Amino acid sequence: MAGARLSRRKIAAYFADELLAGRNVTKPLAAYLVEAKRIRESTLVIRDIEAALSERGVLLADIASSRELTKDTEDTITTYLKSATGVKSVHLRTEVDESLLGGVRIETPGTRLDNTVRERLRKLQQLRSTN
Amino acid sequence: MPELSVTDLSKELRSAIQSLEVTGDLESVGIVTRVGDGVAWVYGLRSAGYSEVLQIETRDGVVEAFALNLNEDEIGAVLLGGDESVSAGNKVTLKGTVLDVPVGEELLGRVVDPLGKPLDGGPAIKTKERGLVEREAIGVLGRKHVHEPMMTGIVAIDAMFPIGRGQRELIIGDRQTGKTAIAIDTMINQGRQKTGVVNIYVAIGQKLSKIARLVERLKEEGVMDQTIIVATGPSDPASLLYLAPYAATAMGEYFRDNKKHALIIYDDLTKHAVAYRQMSLLLRRPPGREAFPGDVFYLHSRLLERSAKLSDSLGAGSLTALPIIETQAGDISAYIPTNVISITDGQIFMETDLFNQGIRPAISAGLSVSRVGGDAQTKSVKSVGSHLKLGLSQFRELASFAQFGSDLDEATKSQIERGQRLTELLKQHQYSPMGVWEQVASIYAVNNGSFDKVSIAKIKEAQTALLTRLWTDHKKEMQELTKGDEKIADDSASAKIIDKVAKAVAKGFEE
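Rules used throughout
Residues numbered from 1 in each chain as written. Chains lettered and ligands numbered in written order. Predicted model: local features only at pLDDT ≥ 70, side-chain atom pairs only at ≥ 80, totals over all residues. Helix = DSSP H or I, 4+ residues; strand = E, 2+ residues; numbered from the N terminus. Buried ≥ 20, exposed ≤ 12 C-beta atoms within 10 Å, placed from the backbone. Contact = placed C-beta atoms within 7 Å. Core = buried A, V, L, I, M, F, W, Y, C linked by C-beta atoms within 7 Å. Pairing = 2+ DSSP bridges. Axes fitted to C-alpha atoms, helices over the stretch in contact; angles between N-to-C directions. Left-handed = near helix turned anticlockwise from the far one by under 90°. Nonpolar A, V, L, I, M, F, W, Y, C, P; charged D, E, K, R; others polar. pLDDT = per-residue confidence, 0-100. Expected span 1.5 Å × (residues − 1).

Thoughts on the overall build of chain B
Then comes step 1: Check the secondary structure of chain B and you find 15 helices and 16 strands.
Then comes step 2: C-alpha extents for chain B along the principal axes are approximately 105 × 50 × 45 Å.
Then comes step 3: Evaluated residue by residue, chain B yields a buried proportion of 45% over its 511 residues.
Then comes step 4: Sequence separation of at least 24 residues holds for 73% of the intrachain contacts in chain B that already meet a minimum separation of 6.

Pasting the structure below:
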């Protein structure tokens, strides 16, 4: 098996466990990627680690909205995500993008919920063009 | 689409901005990492199932694909359609279903692509039901043995290698030997004899000009309204060529499961195997013999097992399959031909030599076989056809002695002469399938010796004259004969009539 390509899923599982145990993973991960000549996959590996973390009860969610979110809204979203995915802890990364016009977009590893006005307008336009 | 007033729109916008309510569900989403050669590799979508339909959101709308490679780190999805608009970074969602196609009577008379989109310029296909493209074949208990005839109208086949409803009979031969012609004549015969059998013709990678000519010919013969054509050209993506037979089988299963009978022609499965090989190699699956993937047998076996005769409790419908395979230089022991021969219930072997000699249809009586045989043959044809095969095989053995001419004994000479007349009789023009009484009368006349004095070159003329005279003078008896239930023994009434007329006609063509 030496020399066989290690799947990203296995790498992510290992590093997710290390993170949850409190150890620093940045240097070891970077070192592995350079050694195995897999620097191209770095973005995907990080996504895979986030996915592995969500499987282990820690959810990282990206929230995008057109205006700054209030603490209440963030709490609502956190509660919603906990009930929808069954994880124990949720970390939110927020982003403000005025071009979304309104509403909110939630992205977790492997899923997405897009309630922004921009997306709703895009869907409407697509329906019109296919009709 | 009703026009949205400006006030409505601003009201919606305002309420959307004010209420940052979370509505809806988190949907699974993946992302395209690379795309090319008709395959999109997708990151994410860990819950995707095998053969599940994926929807890729491109700038030109939604492009569908189906997931065939479920790897640990990514999914290999085959695109249904062009890969021009798909690019890396596109979001991918699950449709939640496997592939299905519209099925039903609304498809009759139409030319469609494997996804059910019309190709004949007519209105969009709207059906009440949809059928699964991939479906398990009926189990043992749901079947009945093949006992009803599927008349092709071609004397050589109906007499010597009869096909029954629910059988799979392979048509195999080199290029340009008349394989498609047999299939077309069978379809035309269903119209002529008003059998009520629905025809489905699947063109897999066939030249579009050939398909167009076929549609015109079927329209001319008045058979198009009971025919469905599923067409894919050589320039269509390999995924569509791969799906075409399965989609068409789903359409045929609709009729089979609803107490009706259908005939499906796969033209041809060699191109189908080649398209599947292309897809498999691009999905990076390991190549096997002749670079075909390891499951190329399963590719055809699961397709052909769906053609069956159902038991009475399931409605007694049937789906008969006529797959076509093209061989190279007559080699029927190559990989794909041997695979399909072992799956089907017999084969009709077309030979280039016979074709070039002018024996058309160029059916090799020695190598062709029908493993269902007697049960599925019309009784009257069976009673006259049993001697036909024997006579021809004996003739084949002695054929090389024919050149000795006068040096032979009488028995050998007469056998050779009879064989030559039978061979001449079995020649048939394209697009002229023959009904039951015509076949019975012709074979009986020659087998009985009535045409023994007719010169070989004039046999076909004599046959035409016989049939014309029988139809004008004895129409009622011939119509009775067409029902097919009568066994033609030498002393039966019809036999005597045929004999009398044949001898009378023969006098005009004696050498």
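Some points on the overall build of chain A
Then comes step 1: Helix and strand content of chain A: five helices and four strands.
Then comes step 2: Mapped from its N terminus to its C terminus, chain A presents α and β elements in the order α-α-α-β-α-β-β-β-α.
Then comes step 3: Oriented by its inertia axes, the alpha-carbon framework of chain A measures out at about 55 × 35 × 25 Å.
Then comes step 4: Residues classed as buried in chain A amount to 25% of the 131 residues present.
Then comes step 5: Taking all contacts inside chain A whose residues are at least 6 apart in sequence as the whole, residues at least 24 apart take part in 64%.

Side note on the nonpolar core
Then comes step 1: Counting 138 residues, the largest nonpolar core has Ala77(B), Ile200(B) and Val202(B) as its most contacted members.
Then comes step 2: Tallying contributions element by element places helix 5 (residues 238–257) of chain B first for this core, with 13 residues.
Then comes step 3: Apart from residues no more than four positions distant in its own chain, Ala77(B) is found in contact with Val39(B), Ala40(B), Val42(B), Leu54(B), Ala65(B), Phe66(B), Ala67(B) and Leu68(B).
Then comes step 4: In this structure, Ala12(A), Phe15(A), Ala16(A) and Leu53(A) belong to the second largest nonpolar core, which totals ten residues.

Some points on unusual backbone geometry
Then comes step 1: That bond from Asp267(B) to Asp268(B) is cis: its omega, -10°, falls within 30 degrees of zero.
Then comes step 2: Relative to the helices and strands, Asp268(B) resides in the loop between strand 13 (261–267) and helix 6 (269–282).
Then comes step 3: Geometrically, the link from Arg360(B) to Pro361(B) is a cis peptide bond, its omega value of 10° lying close to zero.
Then comes step 4: Along the chain, Pro361(B) falls in the loop between helix 9 (352–357) and strand 16 (369–370).
Then comes step 5: If you check the backbone angles, Lys37(A) has positive phi at about 55° while not being a glycine.
Then comes step 6: Looking at where Lys37(A) falls in the secondary structure, it is placed in the loop between helix 2 (26–35) and helix 3 (42–55).

Some details on the pairing of strand 4 (residues 111–114) of chain A
Then comes step 1: Across four bridges, the pairing between strand 3 (residues 104–108) of chain A and strand 4 of chain A is antiparallel. Bridging from a neighbouring strand, Arg105(A) pairs with Asp114(A) of strand 4 of chain A.
Then comes step 2: Adjacent in sequence and paired antiparallel, strand 3 of chain A and strand 4 of chain A are bridged by two residues, among which Gly110(A) carries a positive phi angle near 90°.
Then comes step 3: Bridging between strand 4 of chain A and strand 1 (residues 27–36) of chain B involves two bridges; their strand directions are antiparallel. Bridge assignment links Arg112(A) to a residue of strand 1 of chain B, and that residue is Glu27(B).

Regarding the sheet that holds strand 8 (residues 111–112) of chain B
Residue and element names in this part refer to chain B.
Then comes step 1: Strand order in the open sheet made by the eight strands is 8-12-11-13-14-10-15-16, with mixed pairing throughout. Here the strands that pair on one side only, and so sit at the sheet edges, are strand 8 and strand 16.
Then comes step 2: Note that strand 11 (residues 198–204) and strand 12 (residues 227–232) share six bridges and pair parallel. Bridging across to strand 12, Ala203 finds its partner in Ala231.
Then comes step 3: The sheet strands contacting helix 4 (residues 208–220) are strand 8, strand 11 and strand 12, and the helix crosses strand 12 at an angle near 170°.

Remarks on the packing of helix 11 (residues 410–426) of chain B against helix 13 (residues 459–473) of chain B
Residues and elements named next belong to chain B.
Then comes step 1: For the pair helix 11 and helix 13, the least separation of the axes is 9 Å and the interaxial angle reads 65°. Handedness of the crossing formed by helix 11 with helix 13: right-handed. Only Ile459, Lys460 and Gln463 of helix 13 make contact with helix 11, whose side of the interface consists of Arg421, Glu424 and Leu425.
Then comes step 2: Split into classes, the residues belonging to the contact of helix 11 with helix 13 amount to two nonpolar, one polar and three charged.

Some thoughts on the confidence of the model for chain B
Then comes step 1: Scored by pLDDT, chain B comes out at a mean of 91, with 95% of its residues at no less than 70.
Then comes step 2: Across the interface, the model reports ipTM at 0.90; the global pTM reads 0.91.

Some remarks on the environment of Gly49(B)
Then comes step 1: By the secondary structure assignment, Gly49(B) is in the loop between strand 2 (39–44) and strand 3 (52–58).
Then comes step 2: Spatially, the C-alpha atom of Gly49(B) lies 67 Å from that of Lys496(B), the residues being 447 residues apart in sequence.

Some details on helix 12 (residues 436–447) of chain B
Residues and elements named next belong to chain B.
Then comes step 1: Between its terminal C-alpha atoms helix 12 stretches 16 Å, which fits the 16 Å expected from twelve residues at 1.5 Å a residue.
Then comes step 2: For helix 12, the tally of buried residues reaches twelve of twelve residues, placing the bulk of the element in the interior.
Then comes step 3: Three or more residues of helix 12 are buried, namely Val436, Trp437, Glu438, Gln439, Val440, Ala441, Ser442, Ile443, Tyr444, Ala445, Val446 and Asn447.
Then comes step 4: Against the buried residues of helix 12 lie helix 2 (155–160), helix 10 (379–398), helix 11, helix 13, helix 14 (475–482) and helix 15 (493–506).

Description of the packing of helix 12 of chain B against helix 15 of chain B
All names here are of chain B.
Then comes step 1: Interaxial distance between helix 12 and helix 15 falls to 10 Å at its minimum, and their mutual angle equals 65°. Handedness of the crossing formed by helix 12 with helix 15: right-handed. Of the residues in helix 15, those touching helix 12 at Ala441, Tyr444 and Ala445 are Ala495, Ile498 and Ala502.
Then comes step 2: Partitioning the contact of helix 12 with helix 15 into residue classes produces six nonpolar, no polar and no charged.

Some thoughts on the environment of Ala51(A)
Residue and element names in this part refer to chain A.
Then comes step 1: As for its placement among the helices and strands, Ala51 is situated in helix 3.
Then comes step 2: Overall, the presence of 21 C-beta atoms within 10 Å leaves Ala51 in the buried class.
Then comes step 3: Through-space distance from the C-alpha of Ala51 to that of Pro109 is 5.1 Å; in sequence the pair is 58 residues apart.
Then comes step 4: Leaving out residues up to four positions away in the same chain, Ala51 has contacts with Ala12, Pro109 and Gly110.

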